[in-house]
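Residue-level structure breakdown
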Amino acid sequence: MLPLSPRRRLLSARVRRLLTAACLSTAGVLAIASASAAPSTPVLRANDAIGLPTLGDAARADLSPVLERRLGEEIMNDIRRDRDYLDDDPILEFLNNFGMNLVLTAPGTRGETNADFFFFAVRDPMINAFALPGGFIAVHSQLLIVAQNESELASVLSHEIGHVSQRHIARMLGQQKQDALLPLAALILAALVGKAGGGADAAMGVMMGGQGLAIQRQLNFSRDAEREADRVGFQTMRAAGYDTSGMVAFFKRLQGTTRLYGEAPAWLSSHPLTGERIADIQSRIREAPKPGRIRPDSIDFHLVRARARVLQDESQSGRDEARTAFEAQMAEQNTQHQTAGMYGMAFLSLKQGDLKAAQTWLDKAKGSMQPRPGVLSAERPGSDGSAMFTGLDIEIKMAPGQPPAMLAEAVREAEQAHQKFPLSRALARQYAETMIAAGKLDQAAQFLRDQVREYREEPKLYNQLAKTYAAQGKIALQHMALAESYVLTGATPAAVDQLNMARKAKDVSFYDQAVIDARERELQAKQKEEKQEKKDRGEGFAIGASVNGGKGEKLEAGSRLKIESSSGGMPGDMGFPTRKEPMRLGDPLWFQKQ
């Protein structure tokens, strides 16, 4: 995890409270209590090719994998509603493809819980990243911008993947129960000292000593958890083919940033000192066998950085700074940097409403990636950036103020792009949007029905389907589709309201009424079950945490967080999975008519 400077722009108050209570923030403290000063010794599995540790079932008693995932989903529902959640399809797609490459190429990375990972970005000017329970990993927009290559980004994501696979949140909960007794025991001992005539000062010293011991054990555990995540992250990125020196380079850049604010003494910090972490990784690089082939940077990485720069600060001063940065990039000798600068100028021009300039810059960016006569270049399949170029081209053609001919061209281009990149979720949704905008509603509805059969956990698809039904005048189906979108985002009461509106729609059929009733009963049972579980648990788990960045400030322990759980198993893969399952009454696809 990365230290945090005092200059931090927060998400909404509720989201930050949840993060303070539960997430393993790259900038924050893991306020983890331990029966000993360090995490339990990991067990190596014999069939693990790279020796990633697993912790067995020690943490399951306090936070089962199902509850851990449910906790992460509850926090994610709040984050998705926050204005600083970067809901940008190209960025989300890149991060998930990039992150899942790390997860899938390193055996054992999912951990003993077989965690489902989802990677996303938040708008924040600090160099930071954090992991939530259950496999949700966030990257701050500033971190995307300052990472100079994919190896540096891989080092951060691998570190956060290590926190998830080692279940540091669950281990924190298990040990916190024991440490919570230390201040109480100190208080009782202090009373006995006072009663025995030791004096007020002696009693106060005993009480403060107990509190200090609890905090110091938390700090010790946090530092050891950070070291563990560093080592697991090193193994993960090495197995995925990334240059492990990127971890050292990123730590050195981070060290340069923290010098502005200074580092706390080692015994007061929740993180190992940056210099210590650098030395540890350098030692591991020397001892590890030399890698065969280092994975080269893709142009998509640099294009995503350009999008993040534009989206991070949409004020006039922010746009001026972005323009200056893109102009500097175009003056460099590196072709990928030049192309990313042109792409950034195109995206920035689109945001400013200058469509002609946007198209001109995009054409230049695409042209810069074409082979040049007399220049020898190696072919790198999948790294020409054509998917992202096409996506921005479609955005420009669909922008307000374009003539109808441009919209028709956007539909054709989106269809071709979907055929060329059938696994791209961003382009698939963009294709649906072009058909809706062009009035091809029957075609759009059929396409979206096929999509939700394949990708059943994408709320955006249901929203698009609801939009299509609304344009067709199919009000009942519109509300039924919206209900499924709300279910996926954790808004079960709103989903029930949508079903009630569907039931009252003039075009509702007898079949629709039957399936609405079945779905409503299912959701009401889910609500009742969740309320009962919450009642059984009281107010939830007490989770201590802080976002002080390891500077030695007071730790805020004992924050409350409500956790709800359904009786189902682990939720589906958040990495854009493909699902092919039979339909049944009460299934999320019941409302779709053939």
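Residues numbered from 1 in each chain as written. Predicted model: local features only at pLDDT ≥ 70, side-chain atom pairs only at ≥ 80, totals over all residues. Heavy atoms only, no water.

Considering helix α13 (residues 335–351)
Its 17 residues place the ends of α13 24 Å apart at the C-alpha level, agreeing with the 24 Å of an ideal helix rising 1.5 Å per residue. By the criterion of burial, α13 is predominantly enclosed, with 15 of the 17 residues buried. By the N-cap criterion, in which a side-chain oxygen at the helix start approaches the backbone nitrogen of a residue two or three places on, α13 is capped by N334, the distance to Q336 being 2.8 Å. (Helix = DSSP H or I, 4+ residues; strand = E, 2+ residues; numbered from the N terminus. Expected span 1.5 Å × (residues − 1). Buried < 20%, exposed > 50% of the residue type's maximum accessible area, 1.4 Å probe, protein only. Polar contact = N/O pair within 3.5 Å; in protein donor to acceptor, adjacent residues only side chain to side chain.)

Considerations on the packing of helix α18 (residues 441–454) against helix α19 (residues 459–472)
Where α18 contacts α19, the axes come no closer than 9 Å and their chain directions differ by 155°. Here α19 runs roughly antiparallel to α18, going by the angle between their axes. Two packed elements cross with a definite hand, and for α18 against α19 that hand is left-handed. Touching L441, D442, A444, A445, L448, R449, Q451 and V452 of α18 are L461, Y462, Q464, L465, T468, Y469, A471 and Q472, all from α19. Each residue belonging to the contact of α18 with α19 can be placed in one class, and the counts come to ten nonpolar, four polar and two charged. (Axes fitted to C-alpha atoms, helices over the stretch in contact; angles between N-to-C directions. Parallel < 35°, antiparallel > 145°, perpendicular 65-115°, else oblique. Left-handed = near helix turned anticlockwise from the far one by under 90°. Contact = heavy atoms within 4.5 Å. Nonpolar A, V, L, I, M, F, W, Y, C, P; charged D, E, K, R; others polar.)

Things to note about the environment of E484
With respect to the helices and strands, E484 occurs in helix α20 (residues 475–488). Sequence separation between E484 and A494 is ten residues; the distance between their C-alpha atoms is 10.0 Å. Here the side chain of E484 touches R519 through a polar contact of 2.8 Å, side chain to side chain.

Quick look at the packing of helix α12 (residues 316–330) against α13
Between two packed helices, what matters for the description is the angle formed by their axes and the separation of those axes. Packing of α12 against α13 leaves a shortest axis separation of 7 Å and a crossing angle of 150°. Judged on the interaxial angle alone, α13 and α12 are roughly antiparallel. Taken as a pair, α12 and α13 cross one another with a handedness that is left-handed. For the pair formed by α12 and α13, the contact residues are R319, R323, F326, Q329 and M330 on the first element and H337, Q338, A340, G341, M342, G344, M345, L348 and K351 on the second. Within the contact of α12 with α13, the residues separate by chemical class into six nonpolar, five polar and three charged.

Some details on the packing of aromatic side chains
A complete count under the given rule lists ten aromatic pairs for this structure. Summarising the aromatic geometry, the rings of F98 and Y242 are spaced 5.4 Å apart at their centres and angled 45° between planes, so their arrangement reads as tilted. Of the two residues, F98 sits in helix α3 (residues 89–105) while Y242 sits in the loop between α8 (200–239) and α9 (245–258), which places them 144 residues apart along the sequence. Assigned by exposure class, F98 and Y242 land together as buried. Counting every residue linked through ring pairs, the aromatic cluster contains Y85, F118, F120, F130 and F136. When the ring centre of W361 is taken as reference, the NZ or CZ atom of K364 above it lies at 4.6 Å. (Phe/Tyr/Trp six-rings, centres within 6.5 Å; stacked < 30°, edge-to-face > 60°. Lys NZ or Arg CZ within 6 Å of the ring centre and 35° of its normal.)

Description of the nonpolar core
The tendency in soluble globular proteins is for nonpolar side chains to be buried as a group. Of all hydrophobic cores here, the largest spans 67 residues; its most connected members are I91, F117, F119 and Y343. Residues M435, Y469, A483 and V496 belong to the second largest nonpolar core, which totals 36 residues. (Core = buried A, V, L, I, M, F, W, Y, C linked by side-chain atoms within 4.5 Å.)

Side note on the pattern of salt bridges
The tally for this structure, following the rule as stated, stands at 21 salt bridges. Between R429 and E458 there is a salt bridge, with its nearest N and O atoms 2.3 Å apart. Taken as a pair, R429 in helix α17 (residues 425–437) and E458 in the loop between α18 and α19 lie far apart in primary sequence, 29 residues in all. Judged by relative accessible area, E458 falls into the buried class, the value being 7%. Among the charged side chains, a network of salt bridges with common partners joins D87, D89, R425, R429, E458 and K460. (Salt bridge = Lys/Arg side-chain N within 4 Å of Asp/Glu carboxyl O.)

What about α17?
Taking 1.5 Å of rise per residue, 13 residues should cover 18 Å, and α17 covers 18 Å from first to last C-alpha, within 8% of that figure. Here α17 lies mainly inside the structure; eleven of its 13 residues are buried. Looking at the packing, one finds that the buried side of α17 touches α3, α15 (386–397), α16 (404–420), α18 and α19. Between the side-chain oxygen of the N-cap and the backbone nitrogen of L427 there are 3.2 Å, and the N-cap of α17 in question is S424. Downstream of α17 by a residue or two, G439 has a phi angle that is positive, lying close to 85°.

Considering the pairing of strand β4 (residues 118–122)
When you tally the buried positions in β4, you get five out of five residues, the bulk of the element. Going residue by residue along β4, you find F118, F120 and V122 tucked away on one face and F119 and A121 tucked away on the opposite face as well.

Things to note about a negative patch on the surface
A contiguous patch of negative charge, built from D313, E314, D320 and E321, is present on the exposed surface. Judged by its relative accessible area of 32%, D313 falls in the partly exposed class. (Patch = residues over 30% accessible without salt bridge, like charges linked within 9 Å, V, L, I, M, F, W, Y side chains within 5 Å. Areas by Shrake-Rupley, 256 points an atom, 1.4 Å probe, with all protein chains shown as cover. Lys, Arg positive; Asp, Glu negative; His and termini not counted. Charge placed at Lys NZ, Arg CZ, Asp CG, Glu CD.)

Observations concerning the environment of L482
The topology assignment puts L482 in helix α20. It is 9.9 Å that separates the C-alpha atoms of L482 and K460, two residues lying 22 residues apart in sequence. In contact with L482, not counting residues within four places along its chain, are N463, A466 and Q498.

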